[in-house]
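Coordinates in review
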Amino acid sequence: MIKRKSQREIEKMHEAGKLLASVHKQLRTFIKPGVTTMEIENFVEKYLAERGATGEQKGYQGYEFTTCASINDEICHGFPRTEKLEEGDIVTIDMVVNLNGFLADSAWTHAVGEVSEEAKKLMDVTKTSLYKGIEQAVPGNRIGDIGHAIQSYAEGEGYSVVRDFTGHGIGDSIHEDPYIPHFGAAGKGARLKEGMVITIEPMINIGAWGSQMDENNWTARTVDGSLSAQYEHTVAITKEGPFILTEQDGE
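Okay, so let's go over this structure. (Residues numbered from 1 in each chain as written. Predicted model: local features only at pLDDT ≥ 70, side-chain atom pairs only at ≥ 80, totals over all residues. Heavy atoms only, no water.)

Let's talk about the side chain of Ser228
- Tracing the sequence through the fold places Ser228 in strand S13 (residues 228-230).
- Within the local environment of Ser228, its side chain forms a polar contact with the side chain of Asn205, the two groups lying 2.7 Å apart.
- Excluding its chain neighbours within four sequence positions, the residues that come into contact with Ser228 are Asn72, Asp73, Glu74, Ile75, Ile90, Leu122, Ile204, Asn205 and Thr222. (Helix = DSSP H or I, 4+ residues; strand = E, 2+ residues; numbered from the N terminus. Polar contact = N/O pair within 3.5 Å; in protein donor to acceptor, adjacent residues only side chain to side chain. Contact = heavy atoms within 4.5 Å.)

Okay, structure coming up:
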């Protein structure tokens, strides 16, 4: 069942979203060669706690951390760890913030020091893919319009779109209906209506789109070892157009 949110609920989710966006802005300078993703995890957990918030992912279906930290060929759900990030790595930090019972979800791929032109282009195309999808998040459009916009652009640039993980509705819990594929046909799927709140979170690979699961049964990585990037926003469907609840100033 698709749950539509009231204006008050959207405003409360926006408060959580603004806090989440501020975390990603802090990470721009925190993430550098020599830092570990476990240090990022501890920084984020402390930052949220000091502001009266928690990481909703921690404890979700047994997941043990506030953040997911996916490095290089890891598509999503990478565990924070003690190995140091190296110059040229890319790392996606994904988190769901709970502020006073209201949730927001956002992932962002960060460069570790100076990265290759190949990695820079992947990051640029993935971020642009996100905003191409968001442009379609208006009342009257269908879910397929979002995926079609993302797939058409990313594949047109020579990249592949991960099929095994999707965006989703969000509200009282992390994952609600509907699911939002980042590929598909325009004009297909459920119609978008005012009050829906969804995540759009394309995962884009340099190589093949397929994924394989690590032994921890959480971390997915590319089947061919190619780089993967992800950008994600929580978006409310409003009569004025898409309202990005996790927008970062000066992205």
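Let us keep going from here.
Comments concerning the packing of helix H1 (residues 7-30) against helix H2 (residues 37-49)
- Contact geometry of H1 with H2 gives a least axis separation of 11 Å together with a crossing angle of 140°. In terms of axis orientation, H1 runs oblique to H2. For the pair H1 and H2, the sense of crossing is right-handed. Seen from H1, the contacting residues are Leu19, Ser22, Val23, Gln26, Leu27 and Phe30; seen from H2, they are Glu39, Ile40, Phe43, Val44, Tyr47 and Leu48.
- Among the residues forming the contact of H1 with H2, the class breakdown is nine nonpolar, two polar and one charged. (Axes fitted to C-alpha atoms, helices over the stretch in contact; angles between N-to-C directions. Parallel < 35°, antiparallel > 145°, perpendicular 65-115°, else oblique. Left-handed = near helix turned anticlockwise from the far one by under 90°. Nonpolar A, V, L, I, M, F, W, Y, C, P; charged D, E, K, R; others polar.)

Observations regarding the sheet that holds S13
- With respect to topology, three strands assemble into an open sheet ordered S6-S10-S13, the strand pairing being antiparallel. Every interior strand has two partners, whereas the edge strands, strand S6 (160-161) and S13, have only one.
- Where S6 lies against strand S10 (residues 203-205), two bridges are found, and the strand directions are antiparallel. Paired with Ser160 across the bridge in S10 is Asn205. (Pairing = 2+ DSSP bridges.)

Examining helix H4 (residues 143-156)
- End to end, H4 covers 20 Å across 14 residues, agreeing with the expected 20 Å (1.5 Å per residue, within 8%).
- Listed in full, the buried residues belonging to H4 are Ile143, Gly144, Asp145, Ile146, Gly147, Ala149, Ile150, Gln151 and Ala154.
- Those residues of H4 that are buried are in contact with helix H3 (117-135), S6, strand S8 (176-180), strand S9 (197-200) and S10. (Expected span 1.5 Å × (residues − 1). Buried < 20%, exposed > 50% of the residue type's maximum accessible area, 1.4 Å probe, protein only.)

Some words on the environment of Asn217
- Looking at the element boundaries, Asn217 is found in the loop between strand S11 (211-213) and strand S12 (220-222).
- When its relative accessible area of 62% is taken as the criterion, Asn217 is described as exposed.

Focus: the pairing of strand S2 (residues 67-71)
- Burial within S2 is extensive, with five of its five residues counted as buried.
- Taking every second residue as pointing to the same face, both faces of S2 are buried, with Thr67, Ala69 and Ile71 on one and Cys68 and Ser70 on the other.
- In this sheet, strand S4 (residues 90-99) lies alongside S2 in antiparallel orientation, the contact comprising five bridges. Of the residues in S4, the one forming a bridge with Cys68 is Asp94.

What to know about the sheet that holds strand S3 (residues 74-76)
- Sheet architecture is open: three strands sit in the order S3-S12-S11, paired in antiparallel fashion. With one partner strand each, in any of the chains shown, S3 and S11 form the two edges of the open sheet. Each strand of the sheet is rotated relative to its neighbour by a mean of 45°, with strand direction disregarded.
- Direction of pairing for S11 relative to S12: antiparallel, over a ladder of three bridges. What sits directly across from Ser211, in S12, is Thr222.

Side note on the pattern of salt bridges
- Considering all chains together, one arrives at 13 salt bridges under this definition.
- Between Arg221 and Glu74 there is a salt bridge, with the nearest N and O atoms lying 3.2 Å from each other. Here the residue Arg221 occupies a position in strand S12, and Glu74 occupies one in strand S3, the gap between them amounting to 147 residues. In terms of burial, Arg221 and Glu74 fall into one category: buried.
- When the shortest N-O distance is used, the salt bridge between Asp214 and Arg221 registers 2.8 Å. (Salt bridge = Lys/Arg side-chain N within 4 Å of Asp/Glu carboxyl O.)

A word on the packing of aromatic side chains
- By the definition in use, this model includes seven aromatic pairs.
- An aromatic cluster is built from Tyr63, Phe65, Phe79 and Trp218, whose rings are joined through pairwise contacts.
- Over the ring of Phe183 we find Arg163, and its NZ or CZ is 4.9 Å from the ring centre.
- In this structure, Arg163 packs its charged tip against the face of Trp209, placed 4.9 Å from the ring centre. (Phe/Tyr/Trp six-rings, centres within 6.5 Å; stacked < 30°, edge-to-face > 60°. Lys NZ or Arg CZ within 6 Å of the ring centre and 35° of its normal.)

Thoughts on unusual backbone geometry
- The residue after Asp177, namely Pro178, is reached through a cis peptide bond having omega 0°.
- Turning to its location among the elements, Pro178 is positioned in strand S8.
- Even without being glycine, Asn217 reaches a positive phi, approximately 65°.

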